[in-house]
Amino acid sequence: MRVSRQGIVVYFQQMKNVRHLKKHGHLIHASKRRKYAIIYVNRDEVESKMAELDKLSYVIRTEPSHKPEIRTDFENAKPDKAKEYDYKFGI
């Protein structure tokens, strides 16, 4: 059974606070230089988790990921002839 999940981008003040974000969701990435982290949570809990994260003192702001809203089924996509040739011969 697959659960639909969505990412939340969390901007924070100091890198030492990243370990506290692990209890709010699945930590995927944390950037030291830009001071943000990406955590994944269940899609039905996104709004409540964002409100919960915004209340924390070390969080500057949170933003939801827009990836689930992007359409991924493409129409009239023509395959590349060179790649198609390579696939036939197992390269």
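Note that the structure is predicted; figures quoted are calculated from it, not measured. For every chain, the first residue of its written sequence is number 1, and the numbers climb from 1 along that sequence. For a predicted model such as this one, the threshold for reporting local features is a pLDDT of at least 70, and the threshold for listing and counting side-chain atom pairs is 80 or more; totals across whole chains, interfaces and linings nevertheless cover every residue. Each side-chain value is derived from all of the structure's non-hydrogen atoms; neither hydrogens nor water enter the calculation.

This part takes up the pattern of salt bridges. What makes a salt bridge here is a side-chain nitrogen of Lys or Arg within 4 Å of a carboxyl oxygen of Asp or Glu, nothing more. According to the stated counting rule, one finds one salt bridge in the structure shown. A salt bridge links Glu-63 to Arg-61, with the nearest nitrogen and oxygen atoms 3.2 Å apart. On the basis of relative accessibility, which here comes to 40%, the residue Arg-61 falls in the partly exposed class. The rule is simple: take the accessible area with a 1.4 Å probe, protein chains only, and divide by the maximum for that residue type; under 20% is buried, over 50% is exposed, in between is partly exposed.

Let us look at the packing of aromatic side chains. Centres within 6.5 Å are what make two rings of Phe, Tyr or Trp a pair, Trp counting through its six-membered ring; a difference in plane orientation under 30 degrees is then read as stacked, over 60 as edge-to-face, and the rest as tilted. If you walk through the whole model with that rule in mind, you get one aromatic pair. Geometrically, the ring pair formed by Tyr-11 and Tyr-36 is tilted, given 6.0 Å between the ring centres and 45 degrees between the ring planes. Within this pair, whereas Tyr-11 is found in strand 1 (residues 5-12), its partner Tyr-36 is found in strand 3 (residues 36-42), the two being separated by 25 residues in sequence. Above the face of the Tyr-11 ring, Arg-61 is positioned so that its terminal group lies 4.1 Å from the ring centre. What counts as a helix is a DSSP run of H or I of at least four residues, what counts as a strand is a run of E of at least two, and both are numbered from the N terminus. The criterion is that NZ of a Lys, or CZ of an Arg, lies within 6 Å of the ring centre and within 35 degrees of the ring normal, and then a charge sits over that ring.

Next up on the list: the nonpolar core. What we call a nonpolar core is a set of buried Ala, Val, Leu, Ile, Met, Phe, Trp, Tyr and Cys residues that are connected through their side-chain atoms within 4.5 Å. Counting residues in each nonpolar core, the largest one holds 13 residues, and the members touching the most others are Ile-8, Val-10, Phe-12, Leu-21, Ile-39, Val-46 and Leu-53. Mapped onto this core, the elements with two or more residues apiece are strand 1, helix 1 (18-21), strand 3 and helix 2 (46-54). By definition, residues are in contact when any of their heavy atoms lie within 4.5 Å. Residues contacting Phe-12, with those up to four places away along its chain left out, are Val-18, Leu-21, Ser-31, Lys-35, Tyr-36, Ala-37, Tyr-58, Val-59 and Ile-60.

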